[in-house]
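Working through the structure, step by step
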Number of protein chains: 2
Amino acid sequence: MPSTELPQQMSARRIDRPVPLRERVYQAMQELIISRQLAPGQHLVESELAEMLGVSRQPIREALQLLNSEGWVDLRPGYGAFVHAPTEAEVDQLLVVRAALEAESARLAALNTDAEGVARLRKLCAQGEAAVASDDIDGMVAANAELHRCVTELSANQVLLDMVSQVDRRVRWYYTPIARHRGHQSWQEHARLIDAIEAGDADAAARTMREHTERTRQSYLEQRRENPEPEVAPVQVRSRRRRTAPGV
Amino acid sequence: MPSTELPQQMSARRIDRPVPLRERVYQAMQELIISRQLAPGQHLVESELAEMLGVSRQPIREALQLLNSEGWVDLRPGYGAFVHAPTEAEVDQLLVVRAALEAESARLAALNTDAEGVARLRKLCAQGEAAVASDDIDGMVAANAELHRCVTELSANQVLLDMVSQVDRRVRWYYTPIARHRGHQSWQEHARLIDAIEAGDADAAARTMREHTERTRQSYLEQRRENPEPEVAPVQVRSRRRRTAPGV
DNA sequence: ACCTCGACTTCTGCATACAGAATACTGTAT
DNA sequence: ATACAGTATTCTGTATGCAGAAGTCGAGGT
(Lines give C-alpha, C1' and ligand atoms only; values in the text may rest on other atoms or scores of the structure.)
Protein backbone atom coordinates (compact mmCIF):
# COMPACT_ATOMS: atom_id res chain seq x y z
CA MET A 1 0.00 0.00 0.00
CA PRO A 2 1.53 3.31 -1.11
CA SER A 3 1.26 5.20 2.14
CA THR A 4 2.97 8.43 1.04
CA GLU A 5 0.87 8.65 -2.10
CA LEU A 6 -1.70 11.42 -1.99
CA PRO A 7 -5.17 10.00 -1.49
CA GLN A 8 -7.41 9.60 -4.50
CA GLN A 9 -9.79 12.46 -3.95
CA MET A 10 -7.31 15.23 -3.32
CA SER A 11 -9.66 17.55 -5.13
CA ALA A 12 -11.73 17.94 -1.99
CA ARG A 13 -10.37 21.30 -1.03
CA ARG A 14 -9.59 22.49 2.46
CA ILE A 15 -12.92 22.01 4.07
CA ASP A 16 -11.74 22.44 7.63
CA ARG A 17 -10.28 25.83 7.03
CA PRO A 18 -10.89 27.67 10.24
CA VAL A 19 -12.80 30.75 9.20
CA PRO A 20 -11.57 33.42 11.58
CA LEU A 21 -14.15 35.48 13.37
CA ARG A 22 -12.73 38.64 11.89
CA GLU A 23 -13.61 37.37 8.42
CA ARG A 24 -17.14 36.63 9.37
CA VAL A 25 -17.44 39.94 11.12
CA TYR A 26 -16.03 41.61 8.03
CA GLN A 27 -18.59 39.92 5.82
CA ALA A 28 -21.44 40.67 8.16
CA MET A 29 -20.55 44.32 8.48
CA GLN A 30 -20.01 44.76 4.77
CA GLU A 31 -23.47 43.40 4.17
CA LEU A 32 -24.94 45.67 6.81
CA ILE A 33 -23.28 48.61 5.11
CA ILE A 34 -24.27 47.64 1.59
CA SER A 35 -27.85 47.10 2.67
CA ARG A 36 -27.85 50.51 4.33
CA GLN A 37 -28.69 49.06 7.71
CA LEU A 38 -25.57 50.84 8.82
CA ALA A 39 -26.06 54.27 7.36
CA PRO A 40 -23.31 56.37 5.79
CA GLY A 41 -21.79 58.62 8.41
CA GLN A 42 -23.02 56.51 11.28
CA HIS A 43 -20.65 56.07 14.18
CA LEU A 44 -19.72 52.45 14.73
CA VAL A 45 -19.08 51.80 18.38
CA GLU A 46 -16.91 48.76 18.83
CA SER A 47 -18.54 47.51 22.00
CA GLU A 48 -22.00 47.79 20.48
CA LEU A 49 -20.99 45.86 17.39
CA ALA A 50 -19.29 43.29 19.58
CA GLU A 51 -22.41 42.78 21.61
CA MET A 52 -24.59 42.72 18.52
CA LEU A 53 -22.49 40.05 16.83
CA GLY A 54 -21.70 38.17 19.99
CA VAL A 55 -17.92 38.48 19.88
CA SER A 56 -15.29 40.52 21.65
CA ARG A 57 -13.94 43.83 20.45
CA GLN A 58 -10.77 42.31 19.02
CA PRO A 59 -12.25 40.71 15.89
CA ILE A 60 -14.41 43.79 15.46
CA ARG A 61 -11.36 46.00 15.39
CA GLU A 62 -9.61 43.80 12.88
CA ALA A 63 -12.63 43.75 10.63
CA LEU A 64 -12.81 47.53 10.87
CA GLN A 65 -9.21 47.78 9.70
CA LEU A 66 -10.08 45.80 6.61
CA LEU A 67 -13.25 47.73 5.95
CA ASN A 68 -11.29 50.93 6.30
CA SER A 69 -8.60 49.93 3.86
CA GLU A 70 -11.22 49.07 1.29
CA GLY A 71 -13.11 52.30 1.71
CA TRP A 72 -16.21 51.09 3.51
CA VAL A 73 -15.56 52.87 6.77
CA ASP A 74 -13.38 55.76 7.85
CA LEU A 75 -11.16 55.30 10.87
CA ARG A 76 -10.50 58.57 12.65
CA PRO A 77 -7.72 58.09 15.18
CA GLY A 78 -9.09 58.78 18.61
CA TYR A 79 -12.66 59.09 17.41
CA GLY A 80 -13.48 55.64 16.13
CA ALA A 81 -15.05 54.22 13.01
CA PHE A 82 -17.68 55.83 10.84
CA VAL A 83 -19.46 54.34 7.86
CA HIS A 84 -17.95 56.01 4.85
CA ALA A 85 -20.16 58.66 3.33
CA PRO A 86 -19.16 59.03 -0.29
CA THR A 87 -19.43 62.45 -1.80
CA GLU A 88 -20.93 62.91 -5.21
CA ALA A 89 -17.50 63.74 -6.58
CA GLU A 90 -16.03 60.58 -5.16
CA VAL A 91 -18.70 58.39 -6.69
CA ASP A 92 -18.02 59.95 -10.02
CA GLN A 93 -14.29 59.42 -9.64
CA LEU A 94 -14.83 55.81 -8.72
CA LEU A 95 -16.99 55.30 -11.79
CA VAL A 96 -14.22 56.75 -13.92
CA VAL A 97 -11.69 54.38 -12.42
CA ARG A 98 -14.05 51.51 -12.93
CA ALA A 99 -14.48 52.45 -16.56
CA ALA A 100 -10.72 52.38 -17.07
CA LEU A 101 -10.26 49.05 -15.33
CA GLU A 102 -13.17 47.40 -17.07
CA ALA A 103 -11.96 48.66 -20.42
CA GLU A 104 -8.58 47.11 -19.72
CA SER A 105 -10.30 43.87 -18.76
CA ALA A 106 -12.10 43.84 -22.07
CA ARG A 107 -8.91 44.56 -23.95
CA LEU A 108 -7.10 41.67 -22.30
CA ALA A 109 -10.09 39.38 -22.68
CA ALA A 110 -10.02 40.03 -26.41
CA LEU A 111 -6.33 39.18 -26.55
CA ASN A 112 -6.94 35.96 -24.62
CA THR A 113 -10.14 35.09 -26.38
CA ASP A 114 -11.24 31.49 -26.14
CA ALA A 115 -14.36 29.75 -27.39
CA GLU A 116 -15.48 28.40 -24.06
CA GLY A 117 -15.34 31.81 -22.43
CA VAL A 118 -17.22 33.47 -25.25
CA ALA A 119 -19.91 30.83 -24.89
CA ARG A 120 -20.28 31.68 -21.20
CA LEU A 121 -20.55 35.35 -22.06
CA ARG A 122 -23.24 34.69 -24.65
CA LYS A 123 -25.19 32.63 -22.19
CA LEU A 124 -25.10 35.38 -19.59
CA CYS A 125 -26.10 37.88 -22.22
CA ALA A 126 -29.11 35.75 -23.09
CA GLN A 127 -30.02 35.52 -19.43
CA GLY A 128 -29.84 39.27 -19.19
CA GLU A 129 -32.08 39.75 -22.21
CA ALA A 130 -34.53 37.29 -20.74
CA ALA A 131 -34.55 39.19 -17.46
CA VAL A 132 -35.24 42.40 -19.37
CA ALA A 133 -38.05 40.75 -21.27
CA SER A 134 -39.71 39.55 -18.07
CA ASP A 135 -38.97 42.78 -16.22
CA ASP A 136 -36.94 40.95 -13.60
CA ILE A 137 -34.81 43.66 -12.02
CA ASP A 138 -32.85 41.37 -9.73
CA GLY A 139 -32.15 39.03 -12.60
CA MET A 140 -30.89 41.91 -14.71
CA VAL A 141 -28.58 43.16 -12.02
CA ALA A 142 -27.26 39.68 -11.32
CA ALA A 143 -26.66 38.84 -14.96
CA ASN A 144 -24.98 42.18 -15.48
CA ALA A 145 -22.64 41.70 -12.54
CA GLU A 146 -21.80 38.17 -13.61
CA LEU A 147 -21.15 39.16 -17.17
CA HIS A 148 -18.78 41.90 -16.17
CA ARG A 149 -17.05 39.58 -13.77
CA CYS A 150 -16.75 36.97 -16.48
CA VAL A 151 -15.08 39.43 -18.82
CA THR A 152 -12.55 40.27 -16.14
CA GLU A 153 -11.93 36.60 -15.48
CA LEU A 154 -11.22 36.11 -19.17
CA SER A 155 -8.55 38.76 -18.92
CA ALA A 156 -6.54 36.11 -17.07
CA ASN A 157 -5.14 38.78 -14.80
CA GLN A 158 -5.73 37.93 -11.17
CA VAL A 159 -4.47 41.27 -9.89
CA LEU A 160 -6.89 43.05 -12.14
CA LEU A 161 -9.69 40.73 -11.11
CA ASP A 162 -9.17 41.44 -7.43
CA MET A 163 -9.06 45.16 -7.99
CA VAL A 164 -12.09 45.27 -10.25
CA SER A 165 -14.07 43.11 -7.84
CA GLN A 166 -13.39 45.52 -5.03
CA VAL A 167 -14.19 48.57 -7.07
CA ASP A 168 -17.35 47.00 -8.43
CA ARG A 169 -18.64 46.13 -4.99
CA ARG A 170 -18.23 49.72 -3.93
CA VAL A 171 -19.81 50.98 -7.11
CA ARG A 172 -22.76 48.73 -6.52
CA TRP A 173 -23.06 50.04 -2.99
CA TYR A 174 -23.31 53.59 -4.26
CA TYR A 175 -25.33 52.71 -7.28
CA THR A 176 -27.79 50.01 -6.25
CA PRO A 177 -30.48 52.12 -4.63
CA ILE A 178 -31.24 53.71 -7.96
CA ALA A 179 -30.29 50.78 -10.10
CA ARG A 180 -33.21 50.56 -12.42
CA HIS A 181 -31.33 49.40 -15.38
CA ARG A 182 -30.98 50.84 -18.80
CA GLY A 183 -32.53 47.68 -20.15
CA HIS A 184 -32.32 46.57 -23.73
CA GLN A 185 -29.74 49.06 -24.89
CA SER A 186 -27.30 47.94 -22.24
CA TRP A 187 -27.51 44.35 -23.43
CA GLN A 188 -27.01 45.34 -27.03
CA GLU A 189 -23.79 46.95 -25.92
CA HIS A 190 -22.84 43.77 -24.13
CA ALA A 191 -23.48 41.81 -27.30
CA ARG A 192 -21.23 44.10 -29.31
CA LEU A 193 -18.58 43.76 -26.63
CA ILE A 194 -18.70 39.99 -26.85
CA ASP A 195 -18.41 40.16 -30.63
CA ALA A 196 -15.25 42.20 -30.28
CA ILE A 197 -13.81 39.80 -27.73
CA GLU A 198 -14.63 36.83 -29.91
CA ALA A 199 -12.97 38.50 -32.89
CA GLY A 200 -9.90 39.18 -30.75
CA ASP A 201 -10.17 42.87 -31.54
CA ALA A 202 -8.62 44.38 -28.43
CA ASP A 203 -9.12 48.01 -29.35
CA ALA A 204 -12.75 47.54 -30.26
CA ALA A 205 -13.40 45.60 -27.06
CA ALA A 206 -11.78 48.25 -24.90
CA ARG A 207 -13.61 51.03 -26.71
CA THR A 208 -16.96 49.30 -26.49
CA MET A 209 -16.54 48.59 -22.81
CA ARG A 210 -15.47 52.12 -22.11
CA GLU A 211 -18.46 53.55 -23.92
CA HIS A 212 -20.67 51.13 -22.08
CA THR A 213 -19.42 51.98 -18.61
CA GLU A 214 -19.38 55.62 -19.55
CA ARG A 215 -23.06 55.45 -20.42
CA THR A 216 -23.71 53.69 -17.15
CA ARG A 217 -21.96 56.56 -15.44
CA GLN A 218 -24.04 59.13 -17.27
CA SER A 219 -27.16 57.23 -16.37
CA TYR A 220 -26.07 57.30 -12.75
CA LEU A 221 -25.48 61.02 -12.81
CA GLU A 222 -28.88 61.65 -14.37
CA GLN A 223 -30.73 59.51 -11.91
CA ARG A 224 -28.89 61.15 -9.10
CA ARG A 225 -30.11 64.50 -10.26
CA GLU A 226 -33.71 63.37 -10.27
CA ASN A 227 -33.55 61.39 -7.06
CA PRO A 228 -30.88 63.05 -4.94
CA GLU A 229 -30.82 60.96 -1.74
CA PRO A 230 -32.51 57.62 -1.39
CA GLU A 231 -32.12 57.11 2.38
CA VAL A 232 -33.06 53.94 4.19
CA ALA A 233 -33.95 53.66 7.85
CA PRO A 234 -30.77 52.59 9.60
CA VAL A 235 -30.79 50.11 12.45
CA GLN A 236 -30.06 51.57 15.81
CA VAL A 237 -27.21 49.45 16.96
CA ARG A 238 -28.06 49.76 20.62
CA SER A 239 -29.34 53.02 21.94
CA ARG A 240 -29.53 56.55 20.76
CA ARG A 241 -26.67 57.87 18.70
CA ARG A 242 -23.90 59.52 20.61
CA ARG A 243 -20.61 60.99 19.66
CA THR A 244 -20.74 63.26 16.68
CA ALA A 245 -18.27 63.00 13.87
CA PRO A 246 -15.44 65.45 14.39
CA GLY A 247 -15.03 68.27 11.91
CA VAL A 248 -13.43 66.88 8.81
CA MET B 1 -13.67 90.63 20.96
CA PRO B 2 -15.18 88.12 18.57
CA SER B 3 -14.76 85.03 20.67
CA THR B 4 -16.45 82.54 18.36
CA GLU B 5 -14.48 83.76 15.38
CA LEU B 6 -11.88 81.27 14.22
CA PRO B 7 -8.42 82.44 15.17
CA GLN B 8 -6.27 84.11 12.55
CA GLN B 9 -3.85 81.33 11.81
CA MET B 10 -6.30 78.55 11.24
CA SER B 11 -3.99 77.27 8.55
CA ALA B 12 -1.84 75.58 11.18
CA ARG B 13 -3.20 72.14 10.59
CA ARG B 14 -3.90 69.52 13.24
CA ILE B 15 -0.49 69.20 14.73
CA ASP B 16 -1.56 67.22 17.74
CA ARG B 17 -3.04 64.42 15.71
CA PRO B 18 -2.30 61.33 17.73
CA VAL B 19 -0.47 59.03 15.36
CA PRO B 20 -1.67 55.59 16.38
CA LEU B 21 0.93 52.97 17.06
CA ARG B 22 -0.58 50.72 14.43
CA GLU B 23 0.19 53.35 11.79
CA ARG B 24 3.76 53.61 12.82
CA VAL B 25 4.08 49.86 12.96
CA TYR B 26 2.53 49.69 9.50
CA GLN B 27 5.04 52.18 8.15
CA ALA B 28 7.96 50.50 9.83
CA MET B 29 7.04 47.08 8.57
CA GLN B 30 6.36 48.29 5.07
CA GLU B 31 9.83 49.79 4.99
CA LEU B 32 11.35 46.60 6.31
CA ILE B 33 9.60 44.68 3.56
CA ILE B 34 10.49 47.09 0.77
CA SER B 35 14.11 47.12 1.85
CA ARG B 36 14.11 43.32 1.83
CA GLN B 37 15.09 43.17 5.48
CA LEU B 38 12.00 41.07 5.83
CA ALA B 39 12.39 38.63 2.99
CA PRO B 40 9.57 37.41 0.76
CA GLY B 41 8.10 34.24 2.19
CA GLN B 42 9.46 34.90 5.65
CA HIS B 43 7.21 34.03 8.54
CA LEU B 44 6.35 37.03 10.64
CA VAL B 45 5.87 36.05 14.24
CA GLU B 46 3.74 38.56 16.04
CA SER B 47 5.49 38.31 19.37
CA GLU B 48 8.89 38.75 17.77
CA LEU B 49 7.80 41.81 15.86
CA ALA B 50 6.18 43.14 19.00
CA GLU B 51 9.37 42.75 20.96
CA MET B 52 11.45 44.16 18.12
CA LEU B 53 9.33 47.28 17.83
CA GLY B 54 8.65 47.58 21.54
CA VAL B 55 4.88 47.35 21.43
CA SER B 56 2.29 44.73 22.20
CA ARG B 57 0.84 42.28 19.73
CA GLN B 58 -2.33 44.28 19.24
CA PRO B 59 -0.93 47.09 17.07
CA ILE B 60 1.17 44.50 15.26
CA ARG B 61 -1.90 42.53 14.32
CA GLU B 62 -3.73 45.61 13.13
CA ALA B 63 -0.79 46.63 11.00
CA LEU B 64 -0.65 43.12 9.56
CA GLN B 65 -4.28 43.38 8.58
CA LEU B 66 -3.51 46.51 6.60
CA LEU B 67 -0.39 45.08 5.03
CA ASN B 68 -2.37 42.04 4.05
CA SER B 69 -5.13 43.97 2.38
CA GLU B 70 -2.59 45.89 0.35
CA GLY B 71 -0.73 42.81 -0.77
CA TRP B 72 2.46 43.12 1.28
CA VAL B 73 1.89 40.09 3.46
CA ASP B 74 -0.27 37.01 3.25
CA LEU B 75 -2.37 36.08 6.25
CA ARG B 76 -3.00 32.37 6.47
CA PRO B 77 -5.65 31.68 9.11
CA GLY B 78 -4.17 29.57 11.82
CA TYR B 79 -0.65 29.84 10.46
CA GLY B 80 0.16 33.50 10.77
CA ALA B 81 1.59 36.15 8.50
CA PHE B 82 4.14 35.67 5.74
CA VAL B 83 5.82 38.31 3.64
CA HIS B 84 4.19 38.14 0.27
CA ALA B 85 6.31 36.44 -2.36
CA PRO B 86 5.17 37.70 -5.74
CA THR B 87 5.36 35.29 -8.60
CA GLU B 88 6.72 36.41 -11.92
CA ALA B 89 3.23 36.22 -13.39
CA GLU B 90 1.84 38.42 -10.66
CA VAL B 91 4.47 41.09 -11.17
CA ASP B 92 3.66 41.15 -14.83
CA GLN B 93 -0.05 41.44 -14.10
CA LEU B 94 0.56 44.28 -11.71
CA LEU B 95 2.59 46.10 -14.32
CA VAL B 96 -0.28 45.71 -16.76
CA VAL B 97 -2.71 47.16 -14.25
CA ARG B 98 -0.36 50.00 -13.55
CA ALA B 99 -0.08 50.75 -17.25
CA ALA B 100 -3.85 51.00 -17.52
CA LEU B 101 -4.21 53.22 -14.46
CA GLU B 102 -1.37 55.50 -15.42
CA ALA B 103 -2.71 55.83 -18.94
CA GLU B 104 -6.04 56.87 -17.50
CA SER B 105 -4.26 59.38 -15.29
CA ALA B 106 -2.59 60.89 -18.31
CA ARG B 107 -5.86 61.02 -20.19
CA LEU B 108 -7.58 62.89 -17.36
CA ALA B 109 -4.60 65.14 -16.82
CA ALA B 110 -4.82 66.18 -20.45
CA LEU B 111 -8.51 66.94 -20.05
CA ASN B 112 -7.81 69.02 -16.94
CA THR B 113 -4.68 70.60 -18.24
CA ASP B 114 -3.53 73.75 -16.49
CA ALA B 115 -0.46 75.88 -16.97
CA GLU B 116 0.79 75.67 -13.43
CA GLY B 117 0.70 71.89 -13.46
CA VAL B 118 2.46 71.65 -16.78
CA ALA B 119 5.18 73.89 -15.42
CA ARG B 120 5.67 71.52 -12.50
CA LEU B 121 5.91 68.61 -14.89
CA ARG B 122 8.50 70.36 -17.02
CA LYS B 123 10.55 71.16 -13.98
CA LEU B 124 10.55 67.53 -12.86
CA CYS B 125 11.43 66.47 -16.36
CA ALA B 126 14.41 68.78 -16.32
CA GLN B 127 15.47 67.40 -12.96
CA GLY B 128 15.27 63.91 -14.39
CA GLU B 129 17.38 64.82 -17.38
CA ALA B 130 19.91 66.43 -15.09
CA ALA B 131 20.04 63.28 -12.98
CA VAL B 132 20.62 61.24 -16.11
CA ALA B 133 23.38 63.58 -17.22
CA SER B 134 25.16 63.25 -13.88
CA ASP B 135 24.47 59.54 -13.63
CA ASP B 136 22.56 60.03 -10.39
CA ILE B 137 20.49 56.87 -10.07
CA ASP B 138 18.63 57.90 -6.94
CA GLY B 139 17.84 61.25 -8.46
CA MET B 140 16.49 59.59 -11.57
CA VAL B 141 14.26 57.25 -9.62
CA ALA B 142 13.01 60.04 -7.40
CA ALA B 143 12.26 62.41 -10.27
CA ASN B 144 10.55 59.63 -12.15
CA ALA B 145 8.32 58.74 -9.22
CA GLU B 146 7.48 62.36 -8.59
CA LEU B 147 6.67 63.03 -12.20
CA HIS B 148 4.32 60.11 -12.42
CA ARG B 149 2.70 61.11 -9.18
CA CYS B 150 2.32 64.63 -10.43
CA VAL B 151 0.54 63.44 -13.56
CA THR B 152 -1.88 61.47 -11.44
CA GLU B 153 -2.45 64.47 -9.21
CA LEU B 154 -3.29 66.53 -12.26
CA SER B 155 -5.98 64.02 -13.12
CA ALA B 156 -7.89 65.57 -10.21
CA ASN B 157 -9.21 62.15 -9.30
CA GLN B 158 -8.49 61.33 -5.68
CA VAL B 159 -9.71 57.75 -5.94
CA LEU B 160 -7.40 57.17 -8.85
CA LEU B 161 -4.53 58.81 -7.02
CA ASP B 162 -4.94 56.56 -4.01
CA MET B 163 -5.09 53.47 -6.14
CA VAL B 164 -2.14 54.39 -8.33
CA SER B 165 -0.05 55.29 -5.30
CA GLN B 166 -0.65 51.90 -3.81
CA VAL B 167 0.04 50.04 -7.03
CA ASP B 168 3.17 52.07 -7.66
CA ARG B 169 4.59 51.34 -4.26
CA ARG B 170 4.19 47.66 -4.86
CA VAL B 171 5.65 47.93 -8.33
CA ARG B 172 8.63 49.72 -6.92
CA TRP B 173 9.05 46.99 -4.35
CA TYR B 174 9.22 44.36 -7.05
CA TYR B 175 11.14 46.51 -9.44
CA THR B 176 13.65 48.49 -7.42
CA PRO B 177 16.39 45.92 -7.00
CA ILE B 178 17.01 45.96 -10.71
CA ALA B 179 16.01 49.53 -11.33
CA ARG B 180 18.84 50.76 -13.45
CA HIS B 181 16.84 53.12 -15.48
CA ARG B 182 16.34 53.35 -19.17
CA GLY B 183 17.88 56.79 -19.05
CA HIS B 184 17.50 59.38 -21.74
CA GLN B 185 14.87 57.60 -23.80
CA SER B 186 12.54 57.44 -20.84
CA TRP B 187 12.73 61.17 -20.35
CA GLN B 188 12.09 61.86 -24.00
CA GLU B 189 8.91 59.90 -23.60
CA HIS B 190 8.05 61.96 -20.53
CA ALA B 191 8.58 65.12 -22.54
CA ARG B 192 6.23 63.93 -25.27
CA LEU B 193 3.70 63.02 -22.61
CA ILE B 194 3.83 66.51 -21.16
CA ASP B 195 3.40 68.00 -24.61
CA ALA B 196 0.25 65.98 -25.07
CA ILE B 197 -1.09 67.01 -21.68
CA GLU B 198 -0.32 70.66 -22.36
CA ALA B 199 -2.10 70.42 -25.69
CA GLY B 200 -5.10 68.85 -23.97
CA ASP B 201 -4.89 65.90 -26.31
CA ALA B 202 -6.33 63.16 -24.12
CA ASP B 203 -5.88 60.31 -26.55
CA ALA B 204 -2.29 61.15 -27.30
CA ALA B 205 -1.51 61.52 -23.60
CA ALA B 206 -3.06 58.16 -22.78
CA ARG B 207 -1.32 56.48 -25.69
CA THR B 208 2.05 57.97 -24.85
CA MET B 209 1.76 56.98 -21.23
CA ARG B 210 0.71 53.48 -22.12
CA GLU B 211 3.62 53.04 -24.48
CA HIS B 212 5.94 54.43 -21.85
CA THR B 213 4.79 52.12 -19.07
CA GLU B 214 4.69 49.25 -21.52
CA ARG B 215 8.33 49.83 -22.36
CA THR B 216 9.12 49.98 -18.67
CA ARG B 217 7.42 46.63 -18.32
CA GLN B 218 9.41 45.14 -21.18
CA SER B 219 12.58 46.49 -19.66
CA TYR B 220 11.63 44.83 -16.40
CA LEU B 221 11.02 41.50 -18.06
CA GLU B 222 14.35 41.64 -19.87
CA GLN B 223 16.32 42.51 -16.79
CA ARG B 224 14.56 39.79 -14.92
CA ARG B 225 15.73 37.30 -17.49
CA GLU B 226 19.33 38.37 -17.12
CA ASN B 227 19.29 38.72 -13.36
CA PRO B 228 16.70 36.27 -12.08
CA GLU B 229 16.78 36.71 -8.30
CA PRO B 230 18.54 39.54 -6.52
CA GLU B 231 18.28 38.31 -2.91
CA VAL B 232 19.27 40.38 0.07
CA ALA B 233 20.29 39.03 3.43
CA PRO B 234 17.20 39.16 5.61
CA VAL B 235 17.33 40.16 9.24
CA GLN B 236 16.70 37.40 11.66
CA VAL B 237 13.92 38.82 13.73
CA ARG B 238 14.89 36.93 16.84
CA SER B 239 16.23 33.44 16.59
CA ARG B 240 16.30 30.74 13.99
CA ARG B 241 13.32 30.44 11.72
CA ARG B 242 10.60 28.13 12.84
CA ARG B 243 7.29 27.19 11.40
CA THR B 244 7.37 26.46 7.72
CA ALA B 245 4.81 27.89 5.38
CA PRO B 246 1.95 25.45 4.95
CA GLY B 247 1.37 23.98 1.54
CA VAL B 248 -0.37 26.51 -0.63
C1' DA C 1 -32.70 81.99 28.50
C1' DC C 2 -27.66 81.23 27.34
C1' DC C 3 -22.97 80.36 28.22
C1' DT C 4 -19.27 78.23 31.05
C1' DC C 5 -17.18 75.11 33.86
C1' DG C 6 -16.53 70.80 35.99
C1' DA C 7 -17.78 66.11 37.29
C1' DC C 8 -19.31 61.84 35.20
C1' DT C 9 -19.70 58.50 31.46
C1' DT C 10 -18.39 56.35 27.29
C1' DC C 11 -15.14 55.03 24.05
C1' DT C 12 -10.74 54.19 21.96
C1' DG C 13 -6.05 52.45 21.99
C1' DC C 14 -2.96 49.51 23.90
C1' DA C 15 -1.54 45.75 26.91
C1' DT C 16 -2.17 41.37 28.92
C1' DA C 17 -4.31 36.76 29.68
C1' DC C 18 -5.81 32.33 28.23
C1' DA C 19 -7.26 28.21 25.32
C1' DG C 20 -6.46 25.45 21.56
C1' DA C 21 -3.99 24.47 17.27
C1' DA C 22 0.43 23.79 15.03
C1' DT C 23 5.20 22.89 15.34
C1' DA C 24 9.42 21.22 17.13
C1' DC C 25 11.77 18.03 20.13
C1' DT C 26 12.95 13.60 22.22
C1' DG C 27 13.13 8.99 23.05
C1' DT C 28 12.12 4.39 21.52
C1' DA C 29 11.51 0.60 18.42
C1' DT C 30 12.84 -1.36 14.13
C1' DA D 1 20.36 5.19 11.09
C1' DT D 2 15.28 5.88 10.17
C1' DA D 3 10.59 6.08 11.27
C1' DC D 4 7.22 6.86 14.55
C1' DA D 5 4.82 8.37 18.70
C1' DG D 6 4.22 11.15 22.47
C1' DT D 7 5.46 15.29 24.89
C1' DA D 8 6.86 20.03 25.35
C1' DT D 9 6.87 24.48 23.35
C1' DT D 10 5.47 28.14 20.35
C1' DC D 11 2.16 30.70 18.12
C1' DT D 12 -2.35 32.25 16.76
C1' DG D 13 -7.05 33.71 17.76
C1' DT D 14 -9.99 35.59 21.01
C1' DA D 15 -11.26 37.69 25.34
C1' DT D 16 -10.55 40.83 29.09
C1' DG D 17 -8.38 44.74 31.67
C1' DC D 18 -6.89 49.42 32.14
C1' DA D 19 -5.46 54.40 31.36
C1' DG D 20 -6.45 58.43 29.18
C1' DA D 21 -8.96 61.03 25.70
C1' DA D 22 -13.53 62.55 24.03
C1' DG D 23 -18.17 63.34 24.80
C1' DT D 24 -22.22 64.28 27.80
C1' DC D 25 -24.87 66.42 31.23
C1' DG D 26 -26.12 69.50 34.71
C1' DA D 27 -25.35 73.26 38.03
C1' DG D 28 -24.21 77.92 38.63
C1' DG D 29 -23.24 82.47 36.90
C1' DT D 30 -24.45 86.25 33.69
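What comes next is a walk through the structure. As the structure is a computational prediction, the values presented were derived from the model and not from experiment.

What follows is about the interface of chain B and chain A. Contact with chain B, which involves 31 residues of that partner, is made by 31 residues of chain A. Taken together, chain B and chain A are joined by 4 salt bridges. Seen at the junction of chain B and chain A, the total is 15 residue pairs in polar contact (both at pLDDT 80 or more). The set of elements that each furnish at least two residues to the side of chain B that touches chain A consists of helix 3 (57-69), helix 4 (88-111) and helix 7 (158-175) of chain B. Of the residues that constitute the side of chain B that touches chain A, the class distribution is 16 nonpolar, 7 polar and 8 charged.

If you rotate chain B by 180 degrees and push it 0.0 Å along the axis, it lands on chain A with an RMSD of 0.0 Å. Accordingly, the operation relating the two chain copies is best matched by a two-fold axis.

Turning to helix 4 of chain B, a few remarks are in order. In this model, helix 4 of chain B (24 residues) spans 35 Å end to end at C-alpha, consistent with the 34 Å of a helix rising 1.5 Å per residue. Counted residue by residue, helix 4 of chain B has 19 buried out of 24 residues, so it is predominantly covered.

Quick look at the pairing of strand 2 (residues 73-76) of chain A now. All names here are of chain A. Note: strand 2 against strand 3 (residues 80-83), 4 bridges, orientation antiparallel. Across the sheet, the residue bridging to Leu75 is Ala81, located in strand 3. From the end of strand 2 to the start of strand 3, which pair antiparallel, there are 3 residues, and Gly78 there has a positive phi angle of about 90 degrees.

The next subject is the side chain of His148(A). All names here are of chain A. With respect to the secondary-structure elements, His148 resides in helix 6 (residues 137-154). For His148, a relative accessible area of 3% corresponds to the buried category. Apart from the residues lying within four places of it in its own chain, the contact partners of His148 are Glu102, His190, Met209, His212 and Thr213.

Reading across from one edge, 1-3-2 (chain A) is the order of the 3 strands in this open sheet, with antiparallel pairing throughout. Edge positions in the sheet fall to strand 1 (43-44) and strand 2 of chain A, since each has one partner strand and no second.

The next thing to look at is the sheet that holds strand 2 (residues 73-76) of chain B. All names here are of chain B. Within the open sheet, the 3 strands sit side by side as 1-3-2. Their pairing is antiparallel. Lying at the two open borders of the sheet, with one neighbouring strand each, are strand 1 (43-44) and strand 2. On top of the sheet, helix 3 reaches strand 1, strand 2 and strand 3 (80-83); it is set at about 110 degrees to strand 2, its chief contact.

With respect to the element layout, Gln188(B) can be found in helix 8 (residues 184-199). Separated by 63 residues in the primary sequence, Gln188(B) and Cys125(B) place their C-alpha atoms 8.9 Å from one another.

This paragraph deals with the pattern of salt bridges. Side chains bearing opposite charge may pair, as long as their charged atoms lie close to each other. Residue and element names in this part refer to chain A. Tallied over the full model, the rule gives 34 salt bridges over all chains. Glu153 is the salt-bridge partner of Arg120, the closest N and O atoms lying 2.9 Å from each other. Within this pair, whereas Arg120 is found in helix 5 (residues 115-133), its partner Glu153 is found in helix 6, the two being separated by 33 residues in sequence. According to the relative accessible area criterion, Glu153 is partly exposed, its value standing at 32%.

Parameters and conventions
Along each chain, the written sequence defines residue order, and numbers are assigned to residues from 1. Here every chain gets a letter starting at A, and every ligand a number starting at 1, in the order they are written. Selection of residues for local features in this predicted model requires a pLDDT of at least 70, selection of side-chain atom pairs for listing and counting requires 80 or more, and totals for whole chains, interfaces and linings are taken over all residues. Side-chain metrics rest on all non-hydrogen atoms present in the structure, leaving aside hydrogens and water. Only heavy atoms enter the contact rule, under which two residues are in contact if any of them lie within 4.5 Å. Salt bridge, as used here, is a side-chain nitrogen of Lys or Arg placed within 4 Å of a carboxyl oxygen of Asp or Glu. The term polar contact refers here to a pair of N or O atoms within 3.5 Å; inside protein, the definition further demands a hydrogen-donor-capable atom paired with an acceptor-capable atom, and it admits residues adjacent in sequence only when both atoms are side-chain atoms. Secondary structure follows DSSP: runs of H or I at least 4 residues long count as helices, runs of E at least 2 residues long count as strands, and numbering of each begins at the N terminus. Residues are grouped as follows: nonpolar covers Ala, Val, Leu, Ile, Met, Phe, Trp, Tyr, Cys and Pro; charged covers Asp, Glu, Lys and Arg; every other residue, Gly included, is treated as polar. Copies overlap after least-squares fitting; the atoms used are the C-alpha atoms of residues with pLDDT of at least 70 in both. A helix is expected to reach a length of 1.5 Å times the quantity of its residues less one. Relative accessible area decides the class of each residue, using a 1.4 Å probe on protein chains only: under 20% of the type maximum gives buried, over 50% gives exposed, and in between gives partly exposed. Strand pairing follows a simple DSSP-based rule, namely that at least 2 bridges must link the two strands. Note on geometry: axes are C-alpha line fits, over the in-contact stretch for helices, and angles between N-to-C directions span 0 to 180 degrees.

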